[in-house]
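Structural overview for review
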Amino acid sequence: MRFVPRFTDGQEFPHALGKIVCVGRNYADHARELDNPVPSEPLLLIKPATCAVPLEEPIDAPFTRGEVHYEVELALLVGEELSHATADEAERAIVGIGLGLDLTLRDLQTRLKEKGHPWETSKAFDGACPLSAFQPLSQVPNWSALVFTLEIDGEPRQRGEGADMLFPVPTLVAEMSRHFTLLPGDVVLTGTPAGVGPLSRGAELHFTLTGGLEIITHVVE
Ligand code: ZN
């Protein structure tokens with residue numbers, strides 16, 4: 001079944017989800033916690049539309065394949081075609097902001113990385129990208145003031161601030177559009193702050209984002 005992005009007012013976006021373009025290591029503190037160098041240009045990857053499931057629904061993680069790490073990220077809904085866009089054009093093409101959970105099979109990813117193999121199977125499996133509804137944007141927000149949080153079983157785990165991104169939203173989306181044409185219905189994930197870790201069965205997850213988005217869900221037992 002095709003995933004159609006929705007707005008928080010219940011309206012469906014007129015295009016089905018295309019691809020999800022992600023950036024690795026867009027927060028210096030997260031790069032450090034995984035012992036990765038801080039990059040000088042964004043490390044991009046794509047998750048297919050088949051990864052998307054509603055974040056509001058219980059998370060069915062593939063625990064039989066090893067540790068499943070959560071990474072909460074600011075998600076952007078693209079409303080216009082972007083190719084070799086300027087930062088200004090990129091910024092104006094974003095029609096909604098929400099949250100995405102970039103799920104990663106960390107054991108598998110580590111093994112594949114060690115061998116120098118592609119690690120798609122650790123990031124692009126079905127259900128690997130729970131996506132929230134998007135808060136509609138009538139004007140460009142103050143990106144650096146956006147804050148999102150994740151608590152697990154009542155404990156603060158991740159807190160991201162636009163101001164801490166190594167590549168701010170307009171620059172990041174413009175750079176993405178130089179590698180891959182972005183189309184209406186594509187989603188951009190903007191990287192995760194420090195605090196990633198393994199999900200556990202039955203855990204309760206509580207997400208918030210500036211603008212009033214709040215979601216409480218849980219991991220399937
Ligand atoms: Zn990520």
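Below is a summary of the structure that appears in this document. Note that the structure is predicted; figures quoted are calculated from it, not measured.

1. A few points about the pattern of salt bridges
Within the structure shown, the criterion is met by 9 salt bridges. Across the salt bridge formed by aspartate 102 and lysine 47, the nearest N and O atoms sit 2.6 Å from each other. On the criterion of sequence distance, the pair formed by aspartate 102 in the loop between β6 (94–101) and β7 (104–105) and lysine 47 in strand β2 (residues 43–47) is long-range, its members being 55 residues apart. When sorted by exposure, aspartate 102 lands in the same class as lysine 47, which is buried. Salt-bridge contacts for lysine 123 lead to glutamate 71; the nearest nitrogen and oxygen are separated by 3.4 Å. A residue pair is termed long-range when its members are at least 10 positions apart, and lysine 123 in helix α4 (residues 120–123) and glutamate 71 in the loop between β4 (68–70) and β5 (72–78) qualify at 52 residues. This pair shows no difference in class: lysine 123 is buried, exactly as glutamate 71 is. A cluster of three or more residues bridged by salt bridges with shared partners is formed by Lys47, Glu71, Asp102, Arg106 and Lys123.

2. Quick word on the sheet that holds strand β13 (residues 197–198)
Strand order in the open sheet formed by 3 strands is β7-β4-β13, and the pairing between neighbours is antiparallel. One side of each edge strand has no neighbouring strand; the edge strands of this open sheet are β7 and β13. Across 2 bridges, β4 lies against β13 in antiparallel orientation. Across the sheet, the residue bridging to histidine 69 is proline 198, located in β13.

3. Examining the pairing of strand β15 (residues 213–218)
For a regular strand, the rule is simple: side chains alternate between the two faces of the sheet. Burial of β15 is one-sided: the residues Leu213, Ile215 and Thr217 facing one way are buried, the residues Glu214, Ile216 and His218 facing the other way are not. As judged from the 6 bridges shared by strand β14 (residues 204–209) and β15, these two strands associate in the antiparallel manner. When the sheet's bridge partners are listed, leucine 209 is paired in β15 with leucine 213.

4. Topic: the sheet that holds β15
Strand order in the open sheet made by the 4 strands is β11-β10-β14-β15, with antiparallel pairing throughout. Edge positions in the open sheet fall to β11 (155–161) and β15, since each of these has one partner strand only. With strand direction ignored, the average angle separating the axes of adjacent strands in the sheet is 15°. As judged from the 5 bridges shared by strand β10 (residues 147–152) and β14, these two strands associate in the antiparallel manner.

5. What about the packing of aromatic side chains?
All told, the structure shown has 1 aromatic pair when counted by the stated rule. Taking the centre distance of 6.2 Å and the plane angle of 70° together, the rings of phenylalanine 7 and phenylalanine 13 count as edge-to-face. Like phenylalanine 7, the residue phenylalanine 13 is buried in the burial classification. The cationic tip of lysine 113 hangs over the ring face of tryptophan 119; the distance from NZ or CZ to the ring centre is 5.5 Å.

Parameters at a glance
Residues numbered from 1 in each chain as written. Predicted model: local features only at pLDDT ≥ 70, side-chain atom pairs only at ≥ 80, totals over all residues. Heavy atoms only, no water. Salt bridge = Lys/Arg side-chain N within 4 Å of Asp/Glu carboxyl O. Helix = DSSP H or I, 4+ residues; strand = E, 2+ residues; numbered from the N terminus. Buried < 20%, exposed > 50% of the residue type's maximum accessible area, 1.4 Å probe, protein only. Pairing = 2+ DSSP bridges. Axes fitted to C-alpha atoms, helices over the stretch in contact; angles between N-to-C directions. Phe/Tyr/Trp six-rings, centres within 6.5 Å; stacked < 30°, edge-to-face > 60°. Lys NZ or Arg CZ within 6 Å of the ring centre and 35° of its normal.

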